[in-house]
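Topology and contacts: notes
One-letter residues, chain by chain:
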Amino acid sequence: MTKIAPAVIVLGENSVPVARKIINVLPGATLYGLAGRTSGVDVSFTNFGETLRELFAEGTPLIGICAAGILIRTLAPMLSDKKQEPPLLAVAEDGSTVVPLLGGLNGVNDLARRIAEVLDVQPAITTTGDIRFRTALLSPPPGYHLANPDDAKKFISDLLAGAQVKLEGTAPWLSNSQLPIDPNGNLTIQVTEHLVIPAPNRLVYHPATIAIALSDLSETSITVDSIQQLLADANLAAASVAGIFAPITIAADPSIQAIANAFNVPIRFFTPNQLENLISQGYSPAQAIAIKATSSSRHLPISPFPHLAIAIAPTPIDPSTIGQPRGRLAIIGTGPGDSKWMSPEVKEILKSATDLVGYKTYINLIGSLADGKQRHESDNREEIARATMALDLAASGRYVAVVSSGDPGIYAMAAAVFEVCDRHPKPEWESIDIHVAPGISAMQAAAAAIGAPLGHDFCAISLSDILKPWSIIEQRIAAAAQADFAIAFYNPVSQERTWQLTEARNILLQYRTPDTPVVLARNLGRPGQMVQVIKLQDLTPDVADMRTVILVGSSQTRTIQHSDGRISVYTPRRYTT
Ligand code: SAH
């Protein structure tokens, strides 16, 4: 639950500067702003209550830059299970106060401390145990898992009433706290990766010290069950598993993801180079991985599987500092321009991606979603070089978003990436998780702006003869016209290419009447949007440019002249001959 990135909610423009400061220290956080009162936010909402309740129900940590009372009243009907509650905080509009309200079991006080630090104020922490002992026994820091939270309430009240506590095992956050630690205490806090029986007077924390190393998954007997059994036989707690570690060569194997999901831990990978040294010293690949992951060679001697090794690190493992994650490459379409035409999936990807690759104009269209990411801008024509660079970056463990406008599969980068994978493959690219996220293409946006000109069969033709010869384009236009398709022309003209559009019109006129409706749509969803309807006979190169998409009607396409002067164009779904 705490893995969901927080939402910062503002009700007016005055609160935006404080919200931005907070977002800077909370990677992946989304800025929600009330529509009409705020601008430049990630998500603009109209119904405050509904939005807040929806986010809360999903478990999103919520930071409202508003009065505490509004937040409490809005969410009051939903407060039933404190274990499930995400953190909820109120922050004063001028940043002078940070008040953790809910989500004590899910780290609200830590979140409050982080926010207070960036705002340079004291957080208003009211949890008695937290204040007295300078530590939150119920929400331990990353790397520690409390095995018996149900016993904690009584345990903490006993401590507050004066009981002393014995510490077994080591954890700096406990020994450095102000807990009344005493070797003869009648309460015990135990830190161990072993399975022990918790009790009301014994809190058990499992440190994330166990690394599971897998070197080959073709051995079918390695399953979630067999790993769990192995841990149980060794009396080890599954909650102490910090991560799954493997060679990058098996990154694409779905069963490794299934194993990581079952333990709810990340997977980190090593390249062959990183393992070479240990393997040459006589360790098996699995052992070499386990040693790398734990900087230790305390192996379980009993793994019955040659491709599985388990090791225990002396202190909790932070997987994000070890090896690399599986690289990801998302080829995304941002839609024609306006962010309301960008899919939620694409926005999600843009939030998580580490690197953006693309033509500068397209990256600029993303606006603030591009903030804080490595940009790799290039010329619009260097598609193959750009695709290769994106794949190399992803293979190194980055999360790369290749950005196209419109749809990435329509005259855009997706085909270039797959072409490079197909024609110039590199073995290290095999590990990459490649995903294409669709967008609204220019022809759809153009059609929507004027009615429904693509309502029946249609096709798309690019008039650019840079990547294909004009003779082919000519044939295609004639065939499409003859087949009576409505046609979307992409790349109709550029500074160097002007005669092509005239040629296209002349071919069309052999099959279509001169008054066939033609839609010219320019800068859709961008400043200077223009949508206009002309007749086929008037289609000349000067009416279009590189930012125009042209829709030519079929023989059935009709124009409606509305009484207020507006024009609609549509192609009926019923065909009449
Ligand atoms: N992948 C894009 C197309 C890229 S080819 C998409 O699916 O929309 C570039 C051509 O697309 C331009 O020459 C123009 O014909 C069209 N185009 C792209 N964005 C446009 C916009 N915002 N308004 C009008 N036409 C656009």
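The structure displayed is predicted, hence computed values, not measured ones.

1. A look at helix α8 (residues 224–233)
Buried residues of α8: Ser226, Ile227, Leu230 and Leu231, and no others. Projection of α8 onto a plane perpendicular to its axis shows the buried side chains occupying an angular sector of 140°, all on one side. The exposed residues of α8 that point more than 90 degrees off its buried face are Asp225 and Asp233. Check the buried side of α8 and you find it contacts β11 (210–214), β12 (241–247), α9 (254–263) and β14 (308–312). After α8 finishes, the residue Asn235 shows a positive phi value of roughly 60°.

2. Details of the side chain of Thr516
Inspection of the secondary structure assignment puts Thr516 in the loop between α18 (499–509) and β23 (517–522). In this structure the side chain of Thr516 is engaged in a polar contact, spanning 2.6 Å, whose partner is the backbone oxygen of Thr513. Those residues in contact with Thr516 that sit more than four places away from it in its chain are Ile534, Lys535, Leu536, Val552, Gly553 and Ser554.

3. Describing the pattern of salt bridges
Summed over the entire model, instances satisfying the criterion amount to 13 salt bridges. The closest approach of N and O atoms between Lys340 and Asp338, which form a salt bridge, is 3.9 Å. Looking at Lys340, the relative accessible area reads 64%, which means it is exposed. Asp338 sits in the partly exposed class, given a relative accessible area of 29%.

4. Some words on the nonpolar core
Residues Ile212, Leu214, Ile227, Leu231, Ile244, Ile256 and Phe263 are the most contacted members of the largest nonpolar core, which totals 27 residues. Put simply, the parts of the chain that give this core at least two residues each are β11, α8, β12, α9, β13 (267–270) and β14. Counting residues per element, this core draws most heavily on α9, at four residues. Ignoring anything within four residues of it in the chain, the contact list for Ile227 reads Ile212, Leu214, Ile222, Ile259, Phe263 and Leu308. Counting 24 residues, the second-largest nonpolar core is a separate cluster that includes Ile487, Val518, Ile534 and Leu536.

5. Brief notes about unusual backbone geometry
Backbone geometry places Asn235, a non-glycine residue, at a positive phi of 60°. For Asn235, the location among the structural elements is in the loop between α8 and β12. The class for Asn235 is partly exposed, based on a relative accessible area of 36%.

6. Overview of the pairing of β13
Burial along β13 is two-sided: Ile267 and Phe269 and Arg268 and Phe270, pointing in opposite directions, are all buried. Judged from the four bridges that link them, β12 and β13 form a sheet pairing that is parallel. Residue pairing for β13: Phe245 is matched across the bridge by Arg268. In this region the chain leaves β12, passes through α9 and returns to the parallel neighbour β13; the handedness of that crossover is right-handed.

7. Re the site of the ligand
Taken together, the neighbourhood of the ligand is formed by 20 residues, with Asp407, Ile410, Ser441, Met546 and Thr548 sitting nearest. In the model, an oxygen atom of the ligand is placed 2.6 Å from a nitrogen or oxygen of the Met546 main chain. The backbone of Thr548 places a nitrogen or oxygen atom 2.6 Å from an oxygen atom of the ligand. Contact with the protein chains hides 94% of the accessible area of the ligand, taken as 540 Å² for the molecule alone. Lining the shell around the ligand are residues from two domains, each supplying at least three of them: domain 4 (328–440) and domain 5 (443–570).

8. Notes on the packing of aromatic side chains
Inspection of every chain in the model, using the stated rule, returns six aromatic pairs. With a centroid separation of 5.2 Å and 90° between ring planes, the pair formed by Trp173 and Tyr205 is classed as edge-to-face. With Trp173 in helix α7 (residues 172–175) and Tyr205 in strand β10 (residues 202–207), this pair connects stretches of sequence that are 32 residues apart. On the basis of relative accessibility, which here comes to 15%, the residue Trp173 falls in the buried class. Look at Trp470 and Trp499: their rings are 5.1 Å apart centre to centre, the planes differ by 75°, and that puts the pair in the edge-to-face class. Taken together, the residues Trp470 in helix α17 (residues 470–482) and Trp499 in helix α18 connect sequence positions 29 residues apart. For Trp470, a relative accessible area of 12% corresponds to the buried category. One cation-aromatic arrangement involves Arg328 over Tyr399; the distance from NZ or CZ to the ring centre is 4.2 Å.

9. Structural notes on the domain arrangement of the protein chain
In terms of domain boundaries, the protein chain breaks down into domain 1 (7–126), domain 2 (144–207), domain 3 (210–321), domain 4 (328–440) and domain 5 (443–570). Here the C-alpha centre of domain 4 lies 49 Å away from the C-alpha centre of domain 2.

10. Examining the environment of His206
By the element assignment, His206 lies in strand β10. For His206, a relative accessible area of 6% puts it in the buried group. In this structure the C-alpha to C-alpha distance between His206 and Leu146, which are 60 residues apart in sequence, comes to 6.5 Å. When sequence neighbours within four positions are dropped, the list of residues in contact with His206 reads Gly143, Tyr144, His145, Ala147, Thr192, Glu193, His194, Ala237, Ala239 and Ser240.

11. Side note on the sheet that holds strand β5 (residues 88–91)
To summarise the sheet geometry, strands pair through backbone hydrogen bonds and adopt either a parallel or an antiparallel arrangement. With mixed pairing, the six strands of this open sheet are ordered in space as β3-β2-β1-β4-β5-β6. Each edge of the open sheet is held by one strand with a lone partner, namely β3 (43–45) and β6 (98–102). Within the sheet, the average angular offset between the axes of one strand and its neighbour, ignoring direction, is 25°. Across four bridges, the pairing between strand β1 (residues 7–10) and strand β2 (residues 30–34) is parallel. In the sheet register, Val8 faces β2, and the bridge partner there is Leu31. Its contacts with the sheet place helix α2 (residues 48–58) against β1, β2, β3, β4 (62–64) and β6, and it is angled at close to 170° to β1. Most of the contacts of helix α4 (residues 108–119) go to β6, to which it runs at about 165°, and overall it touches β4, β5 and β6.

Basis of the calculations
Residues numbered from 1 in each chain as written. Predicted model: local features only at pLDDT ≥ 70, side-chain atom pairs only at ≥ 80, totals over all residues. Heavy atoms only, no water. Buried < 20%, exposed > 50% of the residue type's maximum accessible area, 1.4 Å probe, protein only. Helix = DSSP H or I, 4+ residues; strand = E, 2+ residues; numbered from the N terminus. Arc of directions from axis to C-beta. Contact = heavy atoms within 4.5 Å. Polar contact = N/O pair within 3.5 Å; in protein donor to acceptor, adjacent residues only side chain to side chain. Salt bridge = Lys/Arg side-chain N within 4 Å of Asp/Glu carboxyl O. Core = buried A, V, L, I, M, F, W, Y, C linked by side-chain atoms within 4.5 Å. Pairing = 2+ DSSP bridges. Right-handed = clockwise from strand over helix to strand, strands pointing away. Near = heavy atom within 4 Å. Areas by Shrake-Rupley, 256 points an atom, 1.4 Å probe, with all protein chains shown as cover. Domains from an automatic or database assignment. Phe/Tyr/Trp six-rings, centres within 6.5 Å; stacked < 30°, edge-to-face > 60°. Lys NZ or Arg CZ within 6 Å of the ring centre and 35° of its normal. Axes fitted to C-alpha atoms, helices over the stretch in contact; angles between N-to-C directions.

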